[in-house]
Amino acid sequence: MKKALLLGIGGSFFFAFTFVLNRSMNLDGGYFLWTAALRYFFMLPVMALFLIRNNQIRQVLSEIGSHKTEWFLWSTVGFGLFYAPLTAASVYAESWFTASIWQFTIVAGVLLTPLFGRKIPVKNLLCSCIILAGNMIMQATKLAGGIGGNFIVAVLMIVIAAFSYPLGNRKMMQLTDGRLSTVQRVFGMTLCSMPFWIVCAVISFAISGAPSSSQCMQSFCVALFSGVIATILFFKATDLVKNNPRQLAVIEATQSGEVIFTLILGILVLKDGMPEPVALIGIVLIIVGMIANSLCA
């Protein structure tokens, strides 16, 4: 459990680069669908390099061939319907705001538990709600100013992403049943989500033309830090506890660390303003919720 917890926190650090760099590309005028598609276009060859050395790609292709429909469906859900909406949200909100609302995925992951034949771990759900409350408090100043159309669109996009990510991940863990390594599973999901990303790229080119060199470079960084390193760390962590719903909820809750990491990176990289004093209360609640969640397990 300790190893899984450390991997989950490490994954949340590298995943924080998603929110910061996505916001940076948006501020530079990069089209959001290019930002989303380029991440996975860059991920695919990088992931392949991990596997070619050990001749492990053939096993992945064999697994995909045995369950084509499920692989393409749940890869599109877990990667496509997760990342395209999440990237769209960066158009409407600051990096730390997107990261904090994204934490709804912690609760979403717990609520999905009955779909896999297990009971909802109530204590973990309550701890996850504490984390979510901390995130809502961080948004207090925004909410006090009124709920505008941009806020609603951003939240809707993030809610779609919040359910899609754990659903796709858990379905693929269930489908592969330990026959593939974490790296193999991530590569297979990336490969099977390619039709979705190709459609996104065609739409992006028709609307905005080719991506800029800056957008390509930043997308490569997102692919490396968040798409490869963070995804492998997080998926490995969930693999270690996949048969224990309570521990799985704890590992999924480590994603709340993204808020703090994104806040720090946003201030250092994007020169974002410091959060209001009330937001610090929210940060404390997030940390308390994470600790309580680990103690529950």
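The structure contained in this document is the topic of the report that follows. (Residues numbered from 1 in each chain as written. Predicted model: local features only at pLDDT ≥ 70, side-chain atom pairs only at ≥ 80, totals over all residues. Heavy atoms only, no water.)

**Things to note about a nonpolar patch on the surface**
Moving on, step 1. The grouping of Val 91, Tyr 92 and Val 153 at the surface amounts to a nonpolar patch, some 200 Å² of accessible area in total.
Moving on, step 2. Along the chain, Tyr 92 falls in the loop between helix 4 (68-89) and helix 5 (95-102).
Moving on, step 3. On the basis of relative accessibility, which here comes to 36%, the residue Tyr 92 falls in the partly exposed class. (Patch = residues over 30% accessible without salt bridge, like charges linked within 9 Å, V, L, I, M, F, W, Y side chains within 5 Å. Areas by Shrake-Rupley, 256 points an atom, 1.4 Å probe, with all protein chains shown as cover. Salt bridge = Lys/Arg side-chain N within 4 Å of Asp/Glu carboxyl O. Helix = DSSP H or I, 4+ residues; strand = E, 2+ residues; numbered from the N terminus. Buried < 20%, exposed > 50% of the residue type's maximum accessible area, 1.4 Å probe, protein only.)

**Thoughts on the nonpolar core**
Moving on, step 1. Formed by 72 residues in total, the largest nonpolar core has its most connected members in Phe 82, Leu 86, Trp 102 and Trp 197.
Moving on, step 2. Considering every element that reaches this core, the biggest residue donor is helix 2 (residues 32-52), with 12 residues.
Moving on, step 3. The residues contacting Trp 197, other than those within four sequence positions of it, are Ala 36, Ala 37, Tyr 40, Phe 41, Phe 79, Gly 80, Tyr 83 and Ala 84. (Core = buried A, V, L, I, M, F, W, Y, C linked by side-chain atoms within 4.5 Å. Contact = heavy atoms within 4.5 Å.)

**Points about the environment of Gly 134**
Moving on, step 1. Within the element layout of this structure, Gly 134 appears in helix 7 (residues 122-138).
Moving on, step 2. Considered as a pair, Gly 134 and Ser 256 are 122 residues apart in the sequence and their alpha carbons are 9.9 Å apart.

**Let's talk about the environment of Val 46**
Moving on, step 1. On the secondary structure map, Val 46 appears in helix 2.
Moving on, step 2. For Val 46, a relative accessible area of 19% gives the class buried.
Moving on, step 3. Residues Val 46 and Leu 268, spaced 222 residues apart in sequence, show a C-alpha to C-alpha distance of 28 Å.
Moving on, step 4. Residues within four places of Val 46 in sequence aside, it is in contact with Phe 220 and Val 228.

None of this, on its own, says anything about what the molecule does.
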